[in-house]
Protein chains: 2
Amino acid sequence: MLSDKTIALDAMGGDNGLKVVVPAALGILEKHPNIRLILVGDQAQIERRFRSNKAAKFIKTDRLRIKHASECVSMDESPALALRNKKDSSMRVAINLVKQGEAQACVSAGNTGALMATARFVLKMLPGVDRPAMISALPTTLGKPAYMLDLGANVECSARHLVEYAIMGSIVAQAAMPPGERPKVALLNIGSEDIKGTSIIKEASQLLNELKVVNYIGYIEANDVFQAKADVVVCDGFVGNVALKTCEGTARFILRGIKQGFKKNLFTRFCALFMLPVIGPIKKRIDPARYNGASLLGLNGIVIKSHGNTSVIGYMHAIEEAILEIEKNIPEQISHRVEEVLQNSGHEE
Amino acid sequence: MLSDKTIALDAMGGDNGLKVVVPAALGILEKHPNIRLILVGDQAQIERRFRSNKAAKFIKTDRLRIKHASECVSMDESPALALRNKKDSSMRVAINLVKQGEAQACVSAGNTGALMATARFVLKMLPGVDRPAMISALPTTLGKPAYMLDLGANVECSARHLVEYAIMGSIVAQAAMPPGERPKVALLNIGSEDIKGTSIIKEASQLLNELKVVNYIGYIEANDVFQAKADVVVCDGFVGNVALKTCEGTARFILRGIKQGFKKNLFTRFCALFMLPVIGPIKKRIDPARYNGASLLGLNGIVIKSHGNTSVIGYMHAIEEAILEIEKNIPEQISHRVEEVLQNSGHEE
């Protein structure tokens, strides 16, 4: 019996709210028979969505529940204000469910800053971890993912924070690798030479060279991330967010260019027929929906951030990321590893 | 007579040195009859390359000259050490030629940090400009370029530096636009809302809002750069460098994926024949060689940085960027605009 896997969904969060969350939830319940979901948000609105969907059978078996929340954090709200004033927001209540043990993870497509601030306030950080970080997988030429963090949780990081990210990212990458293999961890920099980069990155590199628990391989440049030269790429949240969005923007730019190219004339339209079997797999491989679901690491609980304007499929991926992290017990693993590092460096807790 | 357009090339710089610089130089002399070039580097090595190439006719008409330099700055050398110890490097001598008025611009594919430090030391900054910035064009969906700066000259920038970049970038973009149009300038950020970003970016945004000479439109996210939402995108050198390399890496990843997709079986190989007329133009549009040649702005002289491992075509583009900047007299334009800003803000020089 794995009936203890309950996930709370911030049903009001994101650009599309219930329109995406409800069908994604039903899809997950259909696909994963051992999962229970709690939809957090405006009860009346959620129930209205349920009527037009086939939610009844899941409600009957108690696999699908609603938890009413009277407020909603908007996408451009200040994280500090959301934390202070919206104590009954769908986001906050979903995180509370994790804190209270009623859910083992929560998923939100809402305001990233507010999600981080609220999760940190409610769940607290794991002992020894100073800041949460957002991690997500990127596609590489070898087919295996490259995990990148931080993707926007902290726009300004110290060297110590980057070291924390390296430790946490290593655990997430390890969880997806065959036992025995050690993930290669690199710091994102603007050159591979020692002299390159900011003083913070140079300091982090020195610290990581001395750290035994992380398989640190040095600097990586952004263009090499896709060559699978590292399994974990560490950077501050501003840089990571820009890299992620540049990647999305470039991919969309090229694929749109190809699409337009085919529309040029009758001959190219005919050519397009021969292109589908080739472009299809590529599009699937780099589909942002497939990589949706960034994990907020370092918290005493599992919190997954979905892209704000993701599709139903994308939101389902985010929920599946939560399932994986419950199975792998990521927070506990991080907690152990950080304790180990602190003990080795002489800072006993 | 436009015979005063002489460009000095750091012939030893870059990953490929003379192998790329010599054929590119000959290509430019062939294509632009009013340009003169000075190749700076090891005389014996350059002459050896000339023998196997058709350099004689250009040497005879004095359009191609060699300036001997006994040293070479390596790609991983510390900028400070290169500046102090290599006074006769090909890079330094090429920049000296601009200082002395023997050349109107110089091009180097060498060590970026050393190029910036040396150019700054030899040529000095324009009055009122604190730091040089690297600018280059990126392709967009609308076909027109988006200029991005800084791309790696300064890894750590203040708000004031970002404002300087906005002013300088605006002039470069204007030079490539129809008269009367004002380039839209945006700050690269991780969200479009006011609360997003580092304290430095927020401060720069405030300063730009007050500045009349720049058509500031607010924040831009990295994925929107390719949608031509701004003509000039301003960021610090670390972020810009990561964005540029992420863009290159993603493009290579997708195009390689398509190539591999076509190789899968006989049918897909057959399909590839129909693909060429469509993929060709796209590849050309995003070809890094086409966008090679980043300008170092803010200096009292024109210095163009070529990608370290560019092709002959790419290096030719870098030289052509130098030609354009000579024609448009970019340093003088920047100088005038900065003076104007300083006078308006009450800081007379």
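Residues numbered from 1 in each chain as written. Chains lettered and ligands numbered in written order. Predicted model: local features only at pLDDT ≥ 70, side-chain atom pairs only at ≥ 80, totals over all residues.

Draft legend 1. Quick look at the overall build of chain A. Along chain A, the regular secondary structure elements total 12 helices and 11 strands. A compact globule built from 349 residues should have a C-alpha radius of gyration of about 20 Å, and chain A, at 21 Å, falls within 12% of that. Taken across its 349 residues, chain A has 56% of its residues classed as buried. The long-range share in chain A, meaning contacts at least 24 apart out of those at least 6 apart in sequence, stands at 73%. (Helix = DSSP H or I, 4+ residues; strand = E, 2+ residues; numbered from the N terminus. Rg over C-alpha atoms; globule rule 2.2 N^0.38 Å. Buried ≥ 20, exposed ≤ 12 C-beta atoms within 10 Å, placed from the backbone. Contact = placed C-beta atoms within 7 Å.)

Draft legend 2. A look at the sheet that holds strand β9 (residues 232–234) of chain A. Residues and elements named next belong to chain A. Strand order in this open sheet of 11 strands is β3-β2-β1-β4-β11-β10-β5-β6-β9-β7-β8, and the pairing throughout is mixed. A single partner strand is all that each edge strand has here, and the edge strands are β3 (64–68) and β8 (215–220). Neighbour-to-neighbour, the strand axes of this sheet turn through a mean angle of 25°, independent of strand direction. Both strand β5 (residues 133–138) and strand β10 (residues 294–297) contribute to a ladder of three bridges, which runs antiparallel. Opposite M134, over in β10, you have L296 as the bridge partner. Against the sheet, helix α1 (residues 18–31) engages β1 (5–10), β2 (35–41) and β3, with an angle of about 165° to β2. Here helix α9 (residues 237–262) sits on the sheet in contact with β5, β6 (146–149) and β7 (184–188), set at roughly 135° to β6. (Pairing = 2+ DSSP bridges. Axes fitted to C-alpha atoms, helices over the stretch in contact; angles between N-to-C directions.)

Draft legend 3. The nonpolar core, seen in detail. L9 of chain A together with L9 of chain B are the most contacted members of the largest nonpolar core, which totals 252 residues. When near neighbours in sequence (up to four residues on either side) are disregarded, L9 of chain A contacts V21, A25, L37, I38, L39, V40, A94 and V107 of chain A. (Core = buried A, V, L, I, M, F, W, Y, C linked by C-beta atoms within 7 Å.)

Draft legend 4. Here's a closer look at the relation of the copies chain B and chain A. The transform that puts chain B on chain A rotates by 180° and translates by 0.0 Å along the axis, for an RMSD of 0.0 Å. Both chain copies can therefore be described as sitting about a two-fold axis. A shared binding surface is used by both copies, with 100% of the interface residues of chain B retained as interface residues in chain A. (Least-squares fit on C-alpha atoms with pLDDT ≥ 70 in both.)

Draft legend 5. Representation of the interface of chain B and chain A within the structure. Each side of the interface is counted separately: chain B has 48 residues, and chain A has 48 residues. Taken together, the elements giving at least two residues each to the side of chain B that touches chain A come down to α9 (237–262) and α10 (266–286) of chain B. No other element matches the 19 residues that α9 of chain B contributes to the side of chain B that touches chain A.

Draft legend 6. Inspection of the sheet that holds strand β6 (residues 146–149) of chain B at higher detail. Residue and element names in this part refer to chain B. Pairing in this open sheet of 11 strands is mixed, and the strands run β3-β2-β1-β4-β11-β10-β5-β6-β9-β7-β8 from one edge to the other. A strand with exactly one partner marks an edge of an open sheet, and here the two such strands are β3 (64–68) and β8 (215–220). Looking at each pair of strands side by side, their axes are set apart by 25° on average, direction ignored. Two elements, strand β1 (residues 5–10) and strand β2 (residues 35–41), share six bridges in a ladder whose sense is parallel. Bridged to K5 within β2 is I35. Packing against the sheet, helix α7 (residues 159–175) makes contact with β5 (133–138), β6, β7 (184–188), β8, β9 (232–234) and β10 (294–297), and its axis sits at approximately 160° to β9.

Draft legend 7. Layout of the environment of G197 of chain B. Tracing the chain through its elements places G197 of chain B in the loop between β7 and α8 (199–210). Sequence separation of G197 of chain B and Y219 of chain B is 22 residues, and the distance between their C-alpha atoms is 9.5 Å. Those residues within four positions of G197 of chain B in sequence are excluded, and the remaining contacts are V155 of chain A together with N189, I190 and K202 of chain B.

Draft legend 8. Broad picture of helix α2 (residues 43–52) of chain B. Residue and element names in this part refer to chain B. All of the buried residues in α2 are I46, R49 and F50. Projection of α2 onto a plane perpendicular to its axis shows the buried side chains occupying an angular sector of 105°, all on one side. Turned more than 90 degrees from where α2 packs its buried face, A44, R48, R51 and S52 sit exposed. Here the buried face of α2 lies against α1 (18–31), β2 and β3. (Arc of directions from axis to C-beta.)

Draft legend 9. The pairing of β10 of chain B, seen in detail. Residues and elements named next belong to chain B. Of the two faces of β10, the one holding A294 and L296 and the one holding S295 and L297 are both buried throughout. Alignment of β10 against strand β11 (residues 302–305), held across three bridges, turns out to be antiparallel. Note on β11: the bridge partner recorded for S295 is I304. Count of turn residues in the β10/β11 antiparallel hairpin: four residues, of which G298 carries a positive phi of about 100°.

Draft legend 10. Expanded view of the domain arrangement of chain A. All names here are of chain A. Segmentation of chain A into domains returns domain 1 (1–129 + 298–349) and domain 2 (130–292). Between domain 1 and domain 2, the C-alpha centre-to-centre distance is 24 Å. Every contact between the two is made by 25 residues of domain 1 and, on the other side, 19 residues of domain 2. Mapped onto the side of domain 1 that touches domain 2, the elements with two or more residues apiece are α6 (112–123), α11 (312–328) and α12 (330–344). (Domains from an automatic or database assignment.)

Draft legend 11. Structural context of the environment of S70 of chain B. Note on placement: S70 of chain B falls in the loop between β3 and α4 (79–85). Residues S70 of chain B and K86 of chain B, 16 residues apart in the sequence, show an inter-C-alpha distance of 9.1 Å.

Draft legend 12. Here's a closer look at the packing of α1 of chain A against α11 of chain A. Residue and element names in this part refer to chain A. At their nearest, the axes of α1 and α11 sit 8 Å apart, and the two run at 55° to each other. Comparing the axis directions of α1 and α11 gives the class oblique. As α1 packs across α11, the resulting crossing turns out to be right-handed. Contacts between α1 and α11 pair V20, V21, P23, A24, G27 and I28 from the former with V312, Y315, M316 and I319 from the latter. (Parallel < 35°, antiparallel > 145°, perpendicular 65-115°, else oblique. Left-handed = near helix turned anticlockwise from the far one by under 90°.)

Draft legend 13. Up close: helix α7 (residues 159–175) of chain A. Relative to the 24 Å expected for 17 residues at 1.5 Å per residue, α7 of chain A spans 25 Å between its end C-alpha atoms, a close match to the ideal helical length. Where burial is concerned, most of α7 of chain A is hidden: 14 out of the 17 residues are buried. (Expected span 1.5 Å × (residues − 1).)

Draft legend 14. Main features of unusual backbone geometry. Residues and elements named next belong to chain A. Going from L149 to D150, the amide bond is cis rather than trans, its omega being 0°. Inspection of the secondary structure puts D150 in the loop between β6 and α7. Phi at A228 is positive, roughly 60°, even though this residue is not glycine. Along the chain, A228 falls in the loop between β8 and β9.

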